[in-house]
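Here are the chains, one letter per residue:
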Amino acid sequence: GRFEKMSGKVGWGPKWQHVPMAPVDPILGVAVAYNADPDPSKINLGIGAYRDASGKPIVLKCIKEAERAIASNPEMNKEYLPVQGLEPFLKVTSQVIFGKGSKALAEGRVAVVQSLSGTGALRIAAEFISMYAPGNPQVYISDPSWGNHHTIFRKAGLQTQLYRYLTPQMGLDIEGMLADLAAAPLGSVFVLHTVAHNPTGVDPTPAQWKRVADVCEKKRAIVIFDTAYQGYATGDLDKDAYAVRYFSNERNIELMVTQSYSKNFGLYGERIGALNIACADKETAMKVRSQLNGIVRPMYSNPQLHGARLVAGVLNDDSLRAMWEQELKDMSNRIVDMRGALVQSLNRIGCPPPNAKFSNWNHITSQIGMFAFTGLAPQHCDALTKKHHIYCTRNGRFSMAGVNPSNVEHIAKSMKDVIQGSRL
């Protein structure tokens, strides 16, 4: 009786049965499917994490050394960090991206907090913009971009828009990009990728960055540089930081920079990153930092200790830092080599390009960073998985770290098979 009558009303009956099943994350879903596949020859080109030439995850030598130093130091404890993070880490993380000669750093006008890697840094930035940016600005994100970008800003109550980024031939659509940014309302948020654009691997040249900076100034934009691949893209930390340093040092543009140490230190599961906000003056930076702390405290109280000690330990020790920079070059070079090897294999077996817009596969070698944006269509990707047990996201993005000397031929042959199969 009474229970049936009331079951439609709030608070009666089982609590969460009305909750729908969430859609599978397009990137993490690839890993789930890969792990469930019993085939021994399966290949994972989905997730953005480095693998060595035998397909195994690695822990960098410099990190092992830093861990040894922590383990053998009797002074070390596991106390809470301050809300903003580990002080030796904070000092050095801003230097890594802005550079030792940064005017903004010398003048003490960069507010920085440690974050749960790049995703956490973006989320804090989104909350801060939502609270303090005048007029609830629109957030402009490249088309395509990393899938999580839109969700992060929407969770903070902001609306997202797209700006053009790629030509059909996989080059940078600089005119489309500039036109879309120029059409944005004053004070909009522009999310830019510092280096090794995800998922395309296509970056602006220095001359093109100058034009992007012109538009940012004209629109008085809130500029966010999302930095997931510094040092990993070319093996050169300074070269990979070019865009941020040009905007900050040469153009004096106030900007936000998010940093992730997942890829370049191989610290994926430690979740170490930072949010930097370069302000007009020191007084503003102090106020901004206080409000960033005010966002962090009710969100997760304070950040992770161990990984921050590792990064600070390497960056503050000359010999470990030199070891790290060499390991970065080695990782970066392996990815570049695999791009070349894949294109060579495709050419050797006469694999046709993914569609009529391409005359060859050279876009794979002209892109940089973790990913190759192959141009394969969703049906090609589905066939790669179904028929050949090769897993990638359906937008044709390959994680080049999953390619190695022993599987590159098989990947090329499988690509040829699915491309030719779709043309029958």
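Residues numbered from 1 in each chain as written. Predicted model: local features only at pLDDT ≥ 70, side-chain atom pairs only at ≥ 80, totals over all residues. Heavy atoms only, no water.

1. Section: the overall build of the protein chain
Looking only at helices and strands, the protein chain has 18 helices and eleven strands in total. Against the compact-globule benchmark of 22 Å for 424 residues, the protein chain has a radius of gyration of 23 Å, which places it among compact chains. Buried residues in the protein chain amount to 54% of all 424 residues. Look at the contacts in the protein chain between residues 6 or more apart in sequence, and 74% of them connect residues 24 or more apart. Roughly 19,600 Å² of accessible area belongs to the protein chain as shown, and the carbon and sulfur atoms make up 55% of that amount. Across the protein chain, the 47 positively charged side chains and the 37 negatively charged ones have centroids separated by 6 Å. (Helix = DSSP H or I, 4+ residues; strand = E, 2+ residues; numbered from the N terminus. Rg over C-alpha atoms; globule rule 2.2 N^0.38 Å. Buried < 20%, exposed > 50% of the residue type's maximum accessible area, 1.4 Å probe, protein only. Contact = heavy atoms within 4.5 Å. Areas by Shrake-Rupley, 256 points an atom, 1.4 Å probe, with all protein chains shown as cover. Lys, Arg positive; Asp, Glu negative; His and termini not counted. Charge placed at Lys NZ, Arg CZ, Asp CG, Glu CD.)

2. Notes on the side chain of Thr-393
Structurally, Thr-393 is set in the loop between strand E10 (390–391) and strand E11 (397–399). In terms of polar contacts, Thr-393 uses its side chain to reach the side chain of Asn-395, at 2.7 Å. Those residues in contact with Thr-393, other than ones at most four positions away along the chain, are Pro-26, Ile-27, Val-30 and Cys-381. (Polar contact = N/O pair within 3.5 Å; in protein donor to acceptor, adjacent residues only side chain to side chain.)

3. Thoughts on helix H6 (residues 117–132)
In this model, H6 (16 residues) spans 23 Å end to end at C-alpha, consistent with the 22 Å of a helix rising 1.5 Å per residue. For H6, the complete set of buried residues consists of Ser-117, Gly-118, Gly-120, Ala-121, Leu-122, Ile-124, Ala-125, Ala-126, Glu-127, Phe-128 and Ile-129. (Expected span 1.5 Å × (residues − 1).)

4. With respect to the nonpolar core
Core analysis: the biggest nonpolar cluster contains 65 residues, and Phe-89, Phe-265, Leu-342 and Phe-398 have the highest contact counts within it. Among the elements of the structure, helix H3 (61–71), helix H4 (87–98), strand E8 (272–278), helix H14 (306–315), helix H15 (318–348), strand E9 (371–373), helix H17 (378–388) and helix H18 (408–421) are those that each provide at least two residues to this core. Looking at this core, the element that brings in the most residues is H15, giving ten residues. Leave out the neighbours within four places in its chain, and Phe-89 touches Gln-114, Tyr-261, Ile-272, Gly-273, Ala-274, Ala-308, Val-311 and Ala-312. (Core = buried A, V, L, I, M, F, W, Y, C linked by side-chain atoms within 4.5 Å.)

5. With respect to the packing of aromatic side chains
For the structure on display, the rule yields 15 aromatic pairs. Taken together, a centroid distance of 5.7 Å and an interplanar angle of 80° make the contact between Tyr-34 and Tyr-391 edge-to-face. You can see Tyr-34 sitting in helix H2 (residues 28–36) and its partner Tyr-391 sitting in strand E10, a full 357 residues away along the chain. Through a chain of ring-to-ring contacts, the aromatic side chains of Trp-209, Phe-225, Tyr-242, Tyr-246 and Phe-247 assemble into a single cluster. When the ring centre of Tyr-34 is taken as origin, the NZ or CZ atom of Lys-42, which lies over that ring, is 4.4 Å away. One residue, Arg-397, lies across the ring of Phe-371, its end atom 3.6 Å from the ring centre. (Phe/Tyr/Trp six-rings, centres within 6.5 Å; stacked < 30°, edge-to-face > 60°. Lys NZ or Arg CZ within 6 Å of the ring centre and 35° of its normal.)

6. Quick look at the packing of H15 against H18
Relative to each other, H15 and H18 sit at 50°, their axes nearing to 9 Å. With respect to H18, the element H15 is oriented oblique. H18 is crossed by H15, and the crossing has right-handed handedness. Counting all contacts with H15, which are made through Ala-341, Leu-342, Ser-345, Leu-346 and Arg-348, the residues of H18 involved are Val-408, Glu-409, Ile-411, Ala-412 and Met-415. (Axes fitted to C-alpha atoms, helices over the stretch in contact; angles between N-to-C directions. Parallel < 35°, antiparallel > 145°, perpendicular 65-115°, else oblique. Left-handed = near helix turned anticlockwise from the far one by under 90°.)

7. Focus on the pairing of E8
Of all seven residues making up E8, seven are buried, and the element is well covered by its neighbours. Of the two faces of E8, the one lined by Ile-272, Ala-274, Asn-276 and Ala-278 and the one lined by Gly-273, Leu-275 and Ile-277 are each fully buried. Sheet topology note: the strand E2 (residues 110–116)/E8 ladder contains seven bridges and is antiparallel. Its bridge partner being in E8, Val-110 is matched across the sheet by Ala-278. (Pairing = 2+ DSSP bridges.)

8. Digging into the pattern of salt bridges
Tallied over the full model, the rule gives 13 salt bridges. In this structure, Lys-210 and Asp-214 form a salt bridge, with 3.9 Å as the shortest nitrogen-oxygen distance. Residue Lys-210 and its partner Asp-214 are located together in helix H9 (residues 206–218), separated by four residues, close to a single helical turn. Exposure remark for Lys-210: the relative accessible area of 43% places this residue in the partly exposed category. Judged by relative accessible area, which is 28%, Asp-214 ranks as partly exposed. Because the salt bridges share partners, they merge into one network encompassing Lys-210, Asp-214, Glu-217 and Arg-251. (Salt bridge = Lys/Arg side-chain N within 4 Å of Asp/Glu carboxyl O.)

9. Some words on the sheet that holds E2
Strands in a sheet are paired, the pairing made by backbone hydrogen bonds, and the direction either parallel or antiparallel. One open sheet holds the seven strands; their spatial order is E2-E8-E7-E6-E5-E3-E4, and the pairing between them is mixed. Every other strand in the sheet has two partners, leaving E2 and strand E4 (160–164) as the edge strands with one partner each. Going from strand to strand, the sheet's axes swing by 25° on average, the running direction of each strand aside. Across five bridges, the pairing between strand E6 (residues 222–227) and strand E7 (residues 255–260) is parallel. Paired with Asp-226 across the two strands is Thr-258, which belongs to E7. Together, strand E5 (189–193) and E6 form the strand contacts of H9, whose direction differs from that of E5 by roughly 165°.

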